[in-house]
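# Coordinate inspection notes
For reference, the chains in residue letters:
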Amino acid sequence: MGSAAGAGPRLPFWQSVIEHVLAGELDSAADIMASGGNVTSEANLRKYAGIRMLAAGEAAAAEVELERALAFYRSVDASAYVAQIESALAGAQSESA
């Protein structure tokens, strides 16, 4: 069996993603996924990053991440994820009012 050149991302890519996730830096992990072209995983990471940021009281940063995730989820008609994010954003806006 020979090696499959170009068969996918090499270990340093995934190692970097995992290190950022384990450090709680989900937005940075999402940036790395975006650079690798994995838009689905990027959106998932941005969704979780935004939700964590909301819980930490970082509404402005959360909104940026959640809006980026929403753009993807809307483009693929993932209505359950869209509803989840819109609900989180609405809850954050009502808390800040």
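A brief look at the structure comes next. Owing to the predicted nature of the structure, the values given are computational and were not obtained by experimental measurement.

### Side note on the side chain of Glu-42
- Summarising the element assignment, Glu-42 is placed in helix α3 (residues 39–55).
- Taking the relative accessible area as the measure of exposure, Glu-42 reaches 13% and is therefore buried.
- Apart from the residues lying within four places of it in its own chain, the contact partners of Glu-42 are Ala-30, Met-33, Ala-34 and Arg-68.

### Things to note about the packing of helix α2 (residues 26–35) against α3
- α3 packs onto α2 with a crossing angle of 165 degrees between their chain directions and a minimal axis gap of 8 Å. In terms of orientation, α2 and α3 fall into the roughly antiparallel class. When the axes of α2 and α3 are compared, the crossing they make is left-handed. Judged by residue contacts, Leu-26, Asp-27, Ala-29, Ala-30, Asp-31, Met-33 and Ala-34 of α2 engage Ser-41, Glu-42, Leu-45, Arg-46, Tyr-48, Ala-49, Arg-52 and Met-53 from α3.
- The class makeup of the residues in the contact of α2 with α3 is nine nonpolar, one polar and five charged.

### Some thoughts on the pattern of salt bridges
- Overall, the coordinates contain five salt bridges when judged by the stated rule.
- The partner of Glu-86 in a salt bridge is Arg-74, with the nearest N and O atoms 2.7 Å apart. In this pair, Glu-86 sits in helix α5 (residues 79–96) while Arg-74 sits in helix α4 (residues 59–75), placing the two residues twelve residues apart along the sequence.
- Looking at Glu-86, the relative accessible area reads 36%, which means it is partly exposed.
- For Arg-74, a relative accessible area of 42% puts it in the partly exposed group.
- The structure contains a network of salt bridges with shared partners spanning Asp-31, Glu-42, Arg-46, Glu-65 and Arg-68.

Cut-offs used in this document
Residues numbered from 1 in each chain as written. Predicted model: local features only at pLDDT ≥ 70, side-chain atom pairs only at ≥ 80, totals over all residues. Heavy atoms only, no water. Helix = DSSP H or I, 4+ residues; strand = E, 2+ residues; numbered from the N terminus. Buried < 20%, exposed > 50% of the residue type's maximum accessible area, 1.4 Å probe, protein only. Contact = heavy atoms within 4.5 Å. Axes fitted to C-alpha atoms, helices over the stretch in contact; angles between N-to-C directions. Parallel < 35°, antiparallel > 145°, perpendicular 65-115°, else oblique. Left-handed = near helix turned anticlockwise from the far one by under 90°. Nonpolar A, V, L, I, M, F, W, Y, C, P; charged D, E, K, R; others polar. Salt bridge = Lys/Arg side-chain N within 4 Å of Asp/Glu carboxyl O.

Keep in mind these numbers describe shape, not what the thing actually does.
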